[in-house]
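# Topology and contacts: notes
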Amino acid sequence: MPPLLASWITGISSPDADMQICRVVGTVVSTQKNRKLEGAKLLLVQPLTLDGAARGVALIAIDSVGAGVGERVLVVIEGKAAGDALGKKAAAVDAAVIGIIDQLDYQDEA
Amino acid sequence: MQLARVIGEVVSSVKDANLVGIKLLVLQPVDAAGDKAGRTLVALDSVGAGTGEHVFFVRGREAAFPFYPVEVPTDAAIVGIVDHWDLES
């Protein structure tokens, strides 16, 4: 997905909305969905700043690691990567949870 | 993917041949609370959604995948109808 589209989704103005740190804020139930999405767990994830504040609009990502509500996770916002996480080729997905964050250390350069 | 509510339908008689037979719906993206979030857009329907329903949609080149092998010129497609979503308390 072009960076501009990804930033539109997340509301993040950085030129490259690459892998994001998000918090799982909910689950989504959908009976009628695209065939390639059958069996996929759908999570509502809220992108975060490094200090843990919410930024932008929550998005839906497929879960490939067994993440739960309240956990901080790594989310890829790119179709190929999300399809790989789902384990299906040419699946109509554009975001996936690919890791659960145990700990985050960073130096504030501001 | 993003949550949205279907708020309308677009009728187009003259269009790309690969779009024939595909429903065009107007979406209002919503946030986790169900409130409006961002501007409306038009998306192709791949699941039989209708006005008033909550759905989720994909953006970008993946939006054409539900219609494979037809190579549909689109940048957004509805891929699921949302029964309900639950937020952490």
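Rules of the game
- For every chain, the first residue of its written sequence is number 1, and the numbers climb from 1 along that sequence.
- Lettering for chains starts from A, numbering for ligands starts from 1, and both go in the order in which the items are written.
- For a predicted model such as this one, the threshold for reporting local features is a pLDDT of at least 70, and the threshold for listing and counting side-chain atom pairs is 80 or more; totals across whole chains, interfaces and linings nevertheless cover every residue.
- A pair of residues counts as a contact when their C-beta atoms, built from backbone coordinates, are separated by no more than 7 Å.
- Secondary structure is summarised from DSSP: a helix means a run of H or I of at least four residues, a strand means a run of E of at least two, and numbering begins at the N terminus for each.
- Charged residues are taken to be Asp, Glu, Lys and Arg, nonpolar residues to be Ala, Val, Leu, Ile, Met, Phe, Trp, Tyr, Cys and Pro, and polar residues to be all remaining types, Gly included.
- The exposure label follows from counting other C-beta atoms within 10 Å of a residue's C-beta, where the C-beta atoms are placed from the backbone and the thresholds are 20 or more for buried and 12 or fewer for exposed, leaving partly exposed in between.
- To obtain the arc, one takes the directions from the helix axis to the C-beta atoms.
- Between any two strands, pairing holds if DSSP finds at least two bridges.
- In this analysis, axes come from line fits to C-alpha atoms, helices being fitted only over the stretch in contact, and the angle between any two N-to-C directions falls in the range 0 to 180 degrees.
- Every residue carries a pLDDT, the predictor's confidence in it, which falls somewhere between 0 and 100.

## Description of the interface of chain A and chain B
Contacts between the two partners involve 30 residues from chain A and, on the opposite side, 31 residues from chain B. For the side of chain A that touches chain B, the secondary structure elements donating two or more residues are α1 (3–10), β1 (20–29), β2 (41–47) and β3 (59–63) of chain A. Here the element with the most residues in the side of chain A that touches chain B is β1(A); it accounts for 5 residues. Looking at the side of chain A that touches chain B, its residues break down into 19 nonpolar, 9 polar and 2 charged.

## Quick look at the environment of Ile22(B)
All names here are of chain B. Looking at where isoleucine 22 falls in the secondary structure, it is placed in the loop between β1 (2–10) and β2 (24–29). Judged by the 18 C-beta atoms lying within 10 Å of it, isoleucine 22 is partly exposed. Through-space distance from the C-alpha of isoleucine 22 to that of alanine 76 is 13 Å; in sequence the pair is 54 residues apart. Not counting residues up to four positions away in its chain, the partners in contact with isoleucine 22 are Leu44, Asp45, Phe67 and Val72.

## Brief notes about helix α2 (residues 79–86) of chain A
Residue and element names in this part refer to chain A. Buried within α2 are the following residues: Gly79, Ala82, Gly83 and Ala85. Along the axis of α2, the buried positions cluster into a sector of 160 degrees, meaning they face one direction only. In this structure, the buried residues of α2 make contact with β3, β4 (72–76) and β5 (96–100).

## Section: the sheet that holds strand β4 (residues 54–59) of chain B
Residue and element names in this part refer to chain B. Ordered by their spatial adjacency, 5 strands build a closed barrel running β1-β2-β3-β5-β4, and the pairing between neighbours is mixed. In this sheet, neighbouring strand axes are inclined to one another by 55 degrees on average, regardless of whether the strands run parallel or antiparallel. Two strands pair when backbone bridges link them, and β1 and β2 are joined in this way by 6 bridges, in the antiparallel orientation. Its bridge partner lying in β2, arginine 5 is registered against glutamine 28.

## A few points about the pairing of β1(A)
Looking at chain direction, β1(A) and β4(A) are connected through 4 bridges and run antiparallel. Within the sheet, the bridge partner assigned to Ile21(A) lies in β4(A) and is Leu74(A). Bridge analysis of β1(A) against β2(A) gives 6 bridges, and the strand direction is antiparallel. Within the sheet, the bridge partner assigned to Arg23(A) lies in β2(A) and is Gln46(A). As paired elements, β1(A) and strand β6 (residues 84–87) of chain B share 4 bridges and run antiparallel to each other. Each bridged residue has a counterpart across the sheet, and for Gly26(A) the counterpart in β6(B) is Leu87(B).

## Examining unusual backbone geometry
A cis geometry characterises the amide bond from Tyr68(B) onward to Pro69(B), with omega recorded as 10 degrees. Its place among the elements puts Pro69(B) in the loop between β4 and β5 (76–81). If you check the backbone angles, Ala90(A) has positive phi at about 50 degrees while not being a glycine. As for its position among the elements, Ala90(A) is in the loop between α2 and β5.

## Focus: the environment of Asp18(A)
Residue and element names in this part refer to chain A. Along the chain, aspartate 18 turns up in the loop between α1 and β1. Residue classification places aspartate 18 among the partly exposed residues on the basis of 13 C-beta atoms within 10 Å. Placed 59 residues apart in sequence, aspartate 18 and isoleucine 77 show a C-alpha to C-alpha distance of 6.5 Å.

## Focus on the confidence of the model for chain B
For chain B, per-residue confidence averages 95 on the pLDDT scale, and 100% of positions sit at 70 or higher. Here the predicted complex carries an ipTM of 0.85, next to a pTM of 0.85.

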